[in-house]
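# Observations on chain architecture
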Amino acid sequence: MPMGQPPWAEGVDLSRPSPARVYDYFLGGAHNFASDRDLAEQMLTVEPGVRQWAAANRSFLGRAVEHLLDSGVRQFIDLGAGIPTVGNVHDIALGATSDARVVYVDIDQVAVTHSRHLVADVADRVGVVQADLRKPDAVLGDPVTQRLIDFDRPVAILMVAVLHFVAESDEPEALLAAYRDAVPSGSGLVISHMTYPAEMTDQVRESVKTYGRSAAPLTFRSQAEVEALFAGWDLVDPGVVRVTRWRPTAAGNDPATLPDIPGLVGVAIKP
Ligand SMILES: C[S@@+](CC[C@H](N)C(=O)[O-])C[C@H]1O[C@@H](n2cnc3c(N)ncnc32)[C@H](O)[C@@H]1O
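Parameters and conventions
Residues numbered from 1 in each chain as written. Predicted model: local features only at pLDDT ≥ 70, side-chain atom pairs only at ≥ 80, totals over all residues. Heavy atoms only, no water. Buried < 20%, exposed > 50% of the residue type's maximum accessible area, 1.4 Å probe, protein only. Helix = DSSP H or I, 4+ residues; strand = E, 2+ residues; numbered from the N terminus. Contact = heavy atoms within 4.5 Å. Salt bridge = Lys/Arg side-chain N within 4 Å of Asp/Glu carboxyl O. 1 Å grid on protein atoms, 1.4 Å probe; cavity = no way out; pocket = protein on both sides within 12 Å on 5 of 7 lines; lining within 4 Å. Points joined across faces, edges and corners; volume = space filled by probe spheres on them. Nonpolar A, V, L, I, M, F, W, Y, C, P; charged D, E, K, R; others polar. Near = heavy atom within 4 Å. Polar contact = N/O pair within 3.5 Å; in protein donor to acceptor, adjacent residues only side chain to side chain. Areas by Shrake-Rupley, 256 points an atom, 1.4 Å probe, with all protein chains shown as cover. Sits in = over half its atoms within 2 Å of the grid points. Pairing = 2+ DSSP bridges. Right-handed = clockwise from strand over helix to strand, strands pointing away. Axes fitted to C-alpha atoms, helices over the stretch in contact; angles between N-to-C directions. Parallel < 35°, antiparallel > 145°, perpendicular 65-115°, else oblique. Core = buried A, V, L, I, M, F, W, Y, C linked by side-chain atoms within 4.5 Å. Left-handed = near helix turned anticlockwise from the far one by under 90°.

### Thoughts on helix α8 (residues 172–182)
- Within the sequence span of α8, burial applies to Pro172, Leu175, Leu176, Ala177 and Tyr179.
- Looking at the packing, one finds that the buried side of α8 touches β1 (75–79), α6 (136–141), β4 (155–160) and β5 (188–194).

### Description of the pattern of salt bridges
- All told, the structure shown has eight salt bridges when counted by the stated rule.
- A salt bridge links Arg153 to Asp150, with the nearest nitrogen and oxygen atoms 3.4 Å apart.
- Judged by its relative accessible area of 37%, Arg153 falls in the partly exposed class.
- Linking Arg180 and Asp181 is a salt bridge whose minimum nitrogen-to-oxygen distance equals 3.5 Å.
- Residues participating in the shared-partner salt-bridge network are Asp132, Arg134 and Asp170.

### Looking at the layout of surface pockets
- Approximately 810 Å³ is the volume found for the largest pocket.
- Here the lining of the largest pocket is built from residues that sort into 28 nonpolar, seven polar and ten charged.

### Quick notes on the site of the ligand
- Around the ligand sit 18 residues, and of these Tyr23, Arg58, Gly80, Asp106 and Val160 come closest.
- Separating a nitrogen atom of the ligand from a backbone N or O atom of Gly80 is a distance of 2.7 Å.
- Compared with its free state, where it exposes 590 Å², the ligand has 98% of that area covered by protein.
- The cavity where the ligand resides is the largest pocket.
- For the shell around the ligand, the secondary-structure elements that each account for two or more residues are α1 (19–26) and α3 (50–70).
- Class assignment for the residues of the shell around the ligand results in ten nonpolar, three polar and five charged.

### Focus: the pairing of β4
- Across the six residues of β4, six count as buried, placing the element largely inside the fold.
- Alternating residues of β4 divide into Val155, Ile157 and Met159 and Ala156, Leu158 and Val160, and every residue in both groups is buried.
- Alignment of β4 against β5, held across five bridges, turns out to be parallel. Residue Val160 lies in a different strand from β5, and its bridge partner there is Ser192.
- In terms of handedness, the path from β4 via α8 over to β5 forms a crossover that is right-handed.

### Concerning the packing of α1 against α3
- At a minimum axis distance of 9 Å, the contact between α1 and α3 shows a crossing angle of 95°. With respect to α3, the element α1 is oriented roughly perpendicular. Counted together, Tyr23, Tyr25 and Phe26 of α1 and Val50, Arg51, Trp53, Ala54, Asn57 and Arg58 of α3 form the full contact between these two elements.
- For the contact of α1 with α3, the class distribution of residues is six nonpolar, one polar and two charged.

### What to know about the nonpolar core
- Among the nonpolar cores identified, the biggest contains 80 residues, and Trp53, Phe76, Leu79, Ile157, Leu158, Met159 and Tyr179 are the most heavily contacted of them.
- Ranked by residue count, the leading element in this core is α3, at ten residues.
- Excluding residues within four positions of it along the chain, Phe76 makes contact with Val65, Leu68, Leu69, Val89, Ala93, Arg101, Val102, Val103, Ile149, Ala156 and Leu158.
- Counting residues in each nonpolar core, the second largest holds seven residues, with Ala20, Phe33, Ile83 and Val110 among its members.

### A few points about the packing of α3 against helix α4 (residues 89–96)
- Between α3 and α4, the shortest axis-to-axis distance is 10 Å and the interhelical angle comes to 30°. In terms of axis orientation, α3 runs roughly parallel to α4. The element α3 and its partner α4 pack so that their crossing is right-handed. Of the residues in α4, those in contact with Leu61, Gly62, Val65, Glu66 and Leu69 of α3 are Val89, Ile92, Ala93 and Ala96.
- By residue class, the composition of the contact of α3 with α4 is seven nonpolar, one polar and one charged.

### Quick word on the environment of Thr45
- Relative to the elements of secondary structure, Thr45 occurs in helix α2 (residues 34–46).
- Of the residues examined, Thr45 reaches a relative accessible area of 60% and is grouped as exposed.
- With 158 residues separating them in the primary sequence, Thr45 and Gln203 have C-alpha atoms 9.0 Å apart.
- Within the local environment of Thr45, its side chain forms a polar contact with the backbone oxygen of Glu41, the two atoms lying 2.7 Å apart.

Structural data, given as structure tokens:
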């Protein structure tokens, strides 16, 4: 292990940027390295709105989880959960009801190590799985998932700022169908997804190319393509909209005061 490498990053290739740590940097977190910061700064040069998108996305996640809690959902599988930061799903869910259950899933070792450390004292209700969400059988069949989640009761499947790392060749529709079929009626689906800006400039193309150098290249999807990801679910109002426009609250996400960030989001319930 190189000198100065913290214990939570043991065995991690620090020379290669990772989406989890780049996102952590955008959110002002401390779990990132020079390679992550270099890539993040390059992205900020071509797309200065990325930091606002990350904050808006995180805020949406909180509003979506609160909405599902209000709808009676108590169990959450957070796919591509990321490195813990403010407003983690288990903080919101356990804050609302002590009988909530949360399974965090991420492919990234730093995200998983740090999450495990953070939830150790609530391990009876919150678990962490290191897995590739593109392998639903591995995620759903993992002993941690099986221990915590009752698949006879509603489960929220969270795919927040992660499906743009799933290429068309990975067949996202089939993937979503596998998760949908595993949960009962009354379950929830939350998606937040990068989309094309109103105008596809050379700068944006450059930004996508830059992110393509990270461990997982980015796939933008259109409004129609994101809506198609909700096949078999009933979208709740206001449907698939820009991230700042999904049920904004007065506290800081008033769409009138925010830039038009190129991220689409939606929340749906299984009929
Ligand atoms: C941009 S972060 C989003 C974190 C969190 N969901 C949020 O919205 O605040 C994307 C996360 O997805 C994870 N990820 C990317 N591809 C994945 C995959 N195939 N399976 C599991 N996790 C993945 C990354 O490691 C990263 O932590």
